[in-house]
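What the coordinates show
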Amino acid sequence: MRNPPTLLSLAIDSAVLNFSRISDLSFVPDHILLDLFQRILIAGKLNEKILKLFIATGKEEVLSFIESLNIRQPLVPVLPTIIIKNDEVDIVIGAIQSDLTSFMEAWRPFFSNFHLIVVKDPELKEELKIPGGFNLHVYTKSDIDRVVGLSAGSISFAGYACRYFGYLVSRKKYIISVDDDCVPAKNSRGELIDPISQHIINLSTPATPFFFNTLYDPYCEGADFVRGYPFSLRSGVECGLSCGLWLNLADFDAPTQALKPSLKNTRYVDAVLTVPARSMLPVSGINIAFNAELVGPALTPAFRLAKEGNLRWETVEDIWTGMCVKVICDHLRLGVKSGIPYVWRQERGNAIESLKKEWEGVKLMEDVVPFFQSLRLSETSVTAEDCVAEIAAAVKERLGSVNPKFVSAAATMVEWLKLWKRVRGQ
C-alpha cells in the first residue's frame, strides 16, 4: 500500500492545475519554487508566460535549472519535449522499397533534427534512393551479416523485421520506428502534425495503467484526473511503449480487408490513453516508439509464419512482440500508451492474395492470446532481459506441443537476448 500524499505535495499539484490564475511567484518559498517548476514540466504545462514568471523570481537555483535544460524564449505551449535532447532519440526506418525519396521529403520537417537509422531489407536487390540533407546511417545486408554473424542463425531480419536490426544497433534512450509507406498525417483542422514530438511526449510523461482515467491521458493539455481517481496513483509510472495510429488504411487483418475493401479509417481522434494493466492489445510496428533502456530487449523478431511475406497482412511478428512487451510492462509496472500520433498509410498489397499467407497466423492467435492473458512472471524477473527469458521458457513449455512454430519462437527469443547483450556490450 502506498503512503498517502503529503499536504505539500497536494498543494503543489493544485498549483500546477490552477497555474493560469497565478501572476506572481514572489510569495512562493524558495525551497518550493524548483519543485513547482519541475512539476510544471512533467505535467506538460510550460509555456512562455509561465517561463517568464519563474525567470522573474531571479532565484539562482531555478535559473540554473532552466539553463541546464537549454530552455530558451520564445516558447509555444508544449509538453515536455523541450527536456528531451536530440541525441537521446533515434528514428528507425525499415526500407522495404528502394526509392525513399518521396517518403523522406514528406518527413523532412520532422526528421531533420534527429539521427536516422535506415535498415535496408536484406532481400531487397535494388539500390536505395535517399535524398540528401539528413543525418543518417544506412545498414545493408553486409552490415547485418557483419554485426550478427553466425551466432543468431534463426533470427531473420528480412521484410518488416529489418526494423529490429535498427533497434539492435541503436544506442539511444528513445527509439521511434516508422514504416516507409507512411507519411505525416493532418489533424481535423487540416494542420500537419508532428508524430516525432508526440511520441516523445507519450514516452516522457507518466502512464496510468493501474486505474483507468475516463478523460483520456490526464497529462495531456486540457485534461486532468477525474473525480474519484486515487491521489496515491496520480504520479503514474514510466511509459515503456507508445503505439501511434494511422489514417486511410486501418490495421485490419486480411479476411476483414478482403470482405470490406473500401473500408478506411478517416476519423482523427485527438487523444491518447494508457492501456490498462492485464489488458492485451495488438501492437503494430507501423508507427511506434519505445524507451529502449526499459523495454528494448523485449522487441524481438521471434515469431514468423511459414509463408511470411513482406506485406502488411502477411506478418504477425509485431503482434507477438507487442504481447511480450505488454506482459513485461505490466510486470515491471510500466505503461503502454495508444492513440496519437497518427500517420497516413499508403496502399500496399493485395488482401486476398495475402490471406493465403496470413491464415496460419489468424488461427494461431487463438492460442497465443489466452497464453499471454494468463501469463504471470516471477518476482525474480526484474529486468526486461529477465522477463524475455522467462517468457521464452513458458512458450516452449506451454505452447510447444501446440505447434512447432512456438518452439522456434522460444529459441529465437533466447538467441535474441544473447545477440542483444553481445552487440550492446552488456
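Residues numbered from 1 in each chain as written. Predicted model: local features only at pLDDT ≥ 70, side-chain atom pairs only at ≥ 80, totals over all residues. Heavy atoms only, no water.

**A word on the packing of aromatic side chains**
Tallying each qualifying case throughout the model produces 20 aromatic pairs. Here Tyr-219 and Phe-225 contribute two aromatic rings whose centre-to-centre distance is 5.6 Å and whose plane-to-plane angle is 85 degrees, an arrangement assigned as edge-to-face. This pair shows no difference in class: Tyr-219 is buried, exactly as Phe-225 is. In this structure an aromatic cluster arises from ring pairing among Tyr-139, Phe-157, Phe-165, Trp-416 and Trp-420. (Phe/Tyr/Trp six-rings, centres within 6.5 Å; stacked < 30°, edge-to-face > 60°. Buried < 20%, exposed > 50% of the residue type's maximum accessible area, 1.4 Å probe, protein only.)

**What to know about unusual backbone geometry**
Here the residue pair Ile-340 and Pro-341 is connected by a cis peptide bond, since its omega of 15 degrees sits within 30 degrees of zero. Along the chain, Pro-341 turns up in strand 9 (residues 335–345). Phi is positive for Tyr-216, which is not a glycine, with a value near 60 degrees. Among the secondary structure elements, Tyr-216 is positioned in the loop between helix 8 (195–204) and strand 6 (239–248). At Arg-333, a position not held by glycine, the phi torsion is positive, near 60 degrees. (Helix = DSSP H or I, 4+ residues; strand = E, 2+ residues; numbered from the N terminus.)

**Quick word on the pattern of salt bridges**
All told, the structure shown has 12 salt bridges when counted by the stated rule. The partner of Glu-105 in a salt bridge is Arg-108, and the shortest N-O contact between them spans 2.9 Å. Here Arg-108 and Glu-105 lie together in helix 5 (residues 101–111), a separation of three residues that amounts to about one turn. When its relative accessible area of 37% is taken as the criterion, Glu-105 is described as partly exposed. On the basis of relative accessible area, Arg-108 is assigned to the partly exposed category, the value being 23%. Salt-bridge contacts for Lys-337 lead to Asp-217; the nearest nitrogen and oxygen are separated by 3.1 Å. Of this pair, Lys-337 sits in strand 9 while Asp-217 sits in the loop between helix 8 and strand 6, and the two are 120 residues apart along the sequence. You'll find Lys-337 and Asp-217 in the same group, each marked buried. One salt-bridge network, held together by shared partners, links Arg-163, Asp-179, Asp-181, Glu-317 and Arg-345. (Salt bridge = Lys/Arg side-chain N within 4 Å of Asp/Glu carboxyl O.)

**Quick notes on a nonpolar patch on the surface**
On the surface, a nonpolar cluster with roughly 270 Å² of combined accessible area is contributed by Leu-215, Tyr-216 and Val-269. One can find Val-269 in the loop between helix 9 (254–259) and strand 7 (272–274). Its relative accessible area of 41% is what places Val-269 among the partly exposed residues. (Patch = residues over 30% accessible without salt bridge, like charges linked within 9 Å, V, L, I, M, F, W, Y side chains within 5 Å. Areas by Shrake-Rupley, 256 points an atom, 1.4 Å probe, with all protein chains shown as cover.)

**With respect to the confidence of the model for the protein chain**
On average, residues of the protein chain carry a pLDDT of 86, and 88% of them reach 70 or more. Low pLDDT, under 50, characterises residues 74–83; the predicted model gives this stretch 32 contacts beyond four residues in sequence or across chains. (pLDDT = per-residue confidence, 0-100. Contact = heavy atoms within 4.5 Å.)

**Quick look at helix 11 (residues 317–332)**
End to end, helix 11 covers 22 Å across 16 residues, agreeing with the expected 22 Å (1.5 Å per residue, within 8%). Counting buried positions along helix 11 gives 13 out of 16 residues, so the element sits mostly inside the fold. Where helix 11 terminates, the next one or two residues include Arg-333, which has phi positive at roughly 60 degrees. (Expected span 1.5 Å × (residues − 1).)

**Considering the pairing of strand 6**
Of all 10 residues in strand 6, nine are buried, a share of seventy percent or more. Here strand 6 pairs with strand 9 via nine bridges, running parallel. Across the sheet, Cys-239 pairs through a bridge with Gly-335, a residue of strand 9. (Pairing = 2+ DSSP bridges.)

**Notes on the packing of helix 11 against helix 13 (residues 384–399)**
Interaxial distance between helix 11 and helix 13 falls to 10 Å at its minimum, and their mutual angle equals 120 degrees. With respect to their mutual orientation, helix 11 and helix 13 come out oblique. Handedness of the helix 11/helix 13 crossing: right-handed. Residues Trp-320, Cys-324, Val-327, Ile-328, His-331 and Leu-332 of helix 11 form the contact with helix 13, whose own contacting residues are Ala-384, Cys-387, Val-388, Ile-391 and Val-395. Looking at side-chain class alone, the contact of helix 11 with helix 13 contains 10 nonpolar, one polar and no charged residues. (Axes fitted to C-alpha atoms, helices over the stretch in contact; angles between N-to-C directions. Parallel < 35°, antiparallel > 145°, perpendicular 65-115°, else oblique. Left-handed = near helix turned anticlockwise from the far one by under 90°. Nonpolar A, V, L, I, M, F, W, Y, C, P; charged D, E, K, R; others polar.)

**With respect to helix 14 (residues 404–423)**
For an α-helix, 3.6 residues make a turn, and residues three or four places apart therefore share a direction. Counted at 1.5 Å a residue, the expected span for helix 14 with its 20 residues is 28 Å, and the 28 Å between its end C-alpha atoms agrees. Residues Phe-406, Ala-409, Ala-410, Thr-412, Met-413, Trp-416, Leu-417, Leu-419, Trp-420 and Val-423 constitute the buried set of helix 14. The N-terminus of helix 14 is capped by Asn-403, whose side-chain oxygen sits 2.8 Å from the backbone nitrogen of Lys-405. Count one or two residues on from helix 14 and you reach Gly-425, which has phi positive near 65 degrees. (Polar contact = N/O pair within 3.5 Å; in protein donor to acceptor, adjacent residues only side chain to side chain.)

**Some details on the pairing of strand 2 (residues 115–120)**
For strand 2, the tally of buried residues reaches five of six residues, placing the bulk of the element in the interior. Summarising the sheet, strand 1 (residues 89–95) and strand 2 pair through six bridges and their orientation is parallel. Across the sheet, Asp-90 pairs through a bridge with His-115, a residue of strand 2. When strand 2 meets strand 3 (residues 135–139), the two strands line up parallel, connected through five bridges. Bridge assignment links Leu-116 to a residue of strand 3, and that residue is Leu-136.

**Describing the nonpolar core**
One finds Phe-157, Phe-165, Phe-303, Trp-320, Phe-372 and Ile-391 to be the most contacted residues of the largest nonpolar core, which totals 68 residues. Top contributing element to this core by residue count: helix 14, with nine residues. Ranked by size, the runner-up nonpolar core spans 30 residues in total, among them Phe-103, Phe-114, Val-118 and Val-343. (Core = buried A, V, L, I, M, F, W, Y, C linked by side-chain atoms within 4.5 Å.)

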